[in-house]
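Each chain is listed here by its residues.
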Amino acid sequence: MYRSLLICVIVFLAGLSASGRDSLSIRKVSHDVTLAASSGYNLPSHGYYRGYNPSKRPIYLNSSLHIEYGVGFGPHTRLGALYPGVVQGVGLSCLTFYSHDLMGTPAFAYVFQKGRIYDLTPDLGLDYKWNLGGSYGWKKSGMIGSSANIYVNVGLVLTWDITRHLSLQFGPEFTHCSNGDTRYPNGGANLLNLRVGVTGHMGRSMEEPDRNVINEYESELRSAGFSDRMSYDLVLCGGWRAGKVTSGTYALINEPFPFVAVNFAPMYRLDRHFSVGASLDLIADRSSGIYAVVLDESKKNVLDYKLPPLSRQLAAGISVRADITMPIFTIGVGAGGFVLGNHSTLSGLYTTFCLKAFVTECLFLNVSYRLSSRNYTHNMMYGIGWRFGRP
């Protein structure tokens, strides 16, 4: 838990530093403190929630409390003018399933970002919000194999500005918690909740974004040639996951196997928010293609397992990518397929989701998740990247 909090704070502070000294002038930065509560329904994706657990009782409800600190950029700064109303920060929360003996009472540390989608009235608007972080304190069980899990949350928020210094929030949110197959079992948790909160604002300006900054950026973009709109992201990342015997018999192996991936993505900037491109994806996965040594062929009892040669655990894929750019963070999605791969776990189609946190204008931290169409989870990946060309 403390490690997750430390990582979130480091990423947040490094990202703020990368935003430029001008934007971080005390007069040009607003500070938000939010208290919120969330409650709702546990989607019964596993029989454990429906009562197939040691206590023989269903687990359908959950509640959580949150405290968050965020920073926004003023309307006369470059980031504040180009991305008005966007706030990013760090948060802590605690979750209860009202079944501590079965689920534990996990605590969370995360980074978040929220921003305006549409102004409904001068004082009421529709916002988006996402959280990404880690959690600790889960009860190990027949559904959850680790006490630490990844935390992902997305939601829509109705925000009512009561005054310049106070606002109320209300809206639906979806939460997913999982260990990414680093340990088995990995049933995870999927929560559908309603969230209410109150935010105090310090130093917030209600002025309109500086049109001169916007016009200057749009003029530069219109006059830019094709090569001037291009950037090239090179990412080195990796991770680990538990093994799975998939040849001859079937078994789960609660032992971590490493994997490494390299991605190279040329991206074309459409406007201040969106970029599109393609990516060459290379991976070496020591958890793929594991096969069993069987003691009794009639009963299929697994005596041991062996790893195939590394040459059978290499793959290359090509994917199309789309990035959404905001201050500090860039959210990316991709879809593609393996064109080279010698095993079923490294073949077929895949989908990629990633979050880039820029430490400088070119250096960024990368967290990504890849899912395969063949139902083989490709785990969380953590790494570092460098952006060549346009920052």
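Rules used in this analysis
- Residues numbered from 1 in each chain as written.
- Predicted model: local features only at pLDDT ≥ 70, side-chain atom pairs only at ≥ 80, totals over all residues.
- Heavy atoms only, no water.
- Helix = DSSP H or I, 4+ residues; strand = E, 2+ residues; numbered from the N terminus.
- Contact = heavy atoms within 4.5 Å.
- Phe/Tyr/Trp six-rings, centres within 6.5 Å; stacked < 30°, edge-to-face > 60°.
- Lys NZ or Arg CZ within 6 Å of the ring centre and 35° of its normal.
- Pairing = 2+ DSSP bridges.
- Salt bridge = Lys/Arg side-chain N within 4 Å of Asp/Glu carboxyl O.
- Buried < 20%, exposed > 50% of the residue type's maximum accessible area, 1.4 Å probe, protein only.
- Core = buried A, V, L, I, M, F, W, Y, C linked by side-chain atoms within 4.5 Å.
- pLDDT = per-residue confidence, 0-100.
- Expected span 1.5 Å × (residues − 1).
- Arc of directions from axis to C-beta.
- Polar contact = N/O pair within 3.5 Å; in protein donor to acceptor, adjacent residues only side chain to side chain.

### Observations regarding the overall build of the protein chain
Broken down by element type, the protein chain carries four helices and 18 strands. Long-range pairs, those at least 24 residues apart, make up 62% of the contacts in the protein chain with a sequence separation of at least 6.

### What about the packing of aromatic side chains?
One pass over the full model with this rule turns up 10 aromatic pairs. Ring plane angle 50 degrees and centroid distance 5.1 Å describe the contact between Phe358 and Phe364, whose orientation is recorded as tilted. Clustering of aromatic rings is evident, with ring pairs tying together Phe97, Phe108, Tyr110, Trp138 and Tyr151. Over the aromatic face of Tyr350 sits the side chain of Arg370, whose NZ or CZ is 5.3 Å from the ring centroid.

### Remarks on the pairing of strand β6 (residues 148–163)
If a strand is regular, its side chains alternate between the two faces of the sheet. Two elements, strand β5 (residues 124–138) and β6, share 13 bridges in a ladder whose sense is antiparallel. Residue pairing in the sheet places Leu132 in a bridge with Val152 of β6. In this structure, β6 lies alongside strand β7 (residues 166–178), joined through 11 bridges in antiparallel fashion. Paired with Leu158 across the two strands is Phe170, which belongs to β7.

### Description of the pattern of salt bridges
Evaluated as defined, the whole model comprises 12 salt bridges. Of the charged contacts, one joins Glu68 and Lys129 as a salt bridge, the two residues approaching to 3.0 Å between their closest N and O atoms. Placement of the pair is Glu68 in strand β2 (residues 61–73) and Lys129 in strand β5, with a sequence separation of 61 residues. Per residue, the accessibility class of Glu68 equals that of Lys129, and both read buried. Here Asp233 makes a salt bridge to Arg387, at a shortest N to O gap of 2.8 Å. Here Arg387 lies in strand β18 (residues 377–389) and Asp233 lies in strand β9 (residues 230–245), a separation of 154 residues in the sequence. Arg387 shares its class with Asp233; the two are buried. Through salt bridges with shared partners, a single ionic network connects Asp233, Asp323, Lys356 and Arg387.

### Let's talk about the nonpolar core
Leu82, Tyr83, Trp130 and Phe329 are the most contacted members of the largest nonpolar core, which has 23 residues in total. Counting residues per element, this core draws most heavily on helix α4 (residues 211–223), which supplies four residues. Excluding anything up to four places from it in sequence, Trp130 contacts Val111, Phe112, Gln113, Asn153, Val154, Phe329, Ile331 and Leu355. If you look at the next biggest cluster of nonpolar residues, it comprises 18 residues, including Tyr49, Phe97, Met143 and Ala189.

### Details of the confidence of the model for the protein chain
Residues of the protein chain with pLDDT of at least 70 account for 85%, and the chain-wide mean is 86. Within the model, the stretch residues 21–26 combines pLDDT values under 50 with 11 contacts to residues more than four positions away or in other chains.

### What about α4?
Taking 1.5 Å of rise per residue, 13 residues should cover 18 Å, and α4 covers 18 Å from first to last C-alpha, within 8% of that figure. The complete set of buried residues in α4 reads Val213, Ile214, Tyr217 and Leu221. Taken down its axis, α4 places every buried residue within 100 degrees of arc, on the same side. Opposite the buried face of α4, at more than 90 degrees from it, the exposed residues are Asn212, Arg222 and Ser223. Of the residues that open α4, the one with a side-chain oxygen 2.9 Å from the backbone nitrogen of Asn212 is Asp210.

### Description of the pairing of strand β15 (residues 329–341)
Where strand β14 (residues 314–325) lies against β15, 11 bridges are found, and the strand directions are antiparallel. The partner of Ala315 across the bridge, within β15, is Gly341. Linking β14 back to β15 in an antiparallel pair, the connection comprises three residues, with Ile328 at a positive phi of about 70 degrees. Note that β15 and strand β16 (residues 349–358) share nine bridges and pair antiparallel. Directly across from Phe329, in β16, lies its bridge partner Ala357.

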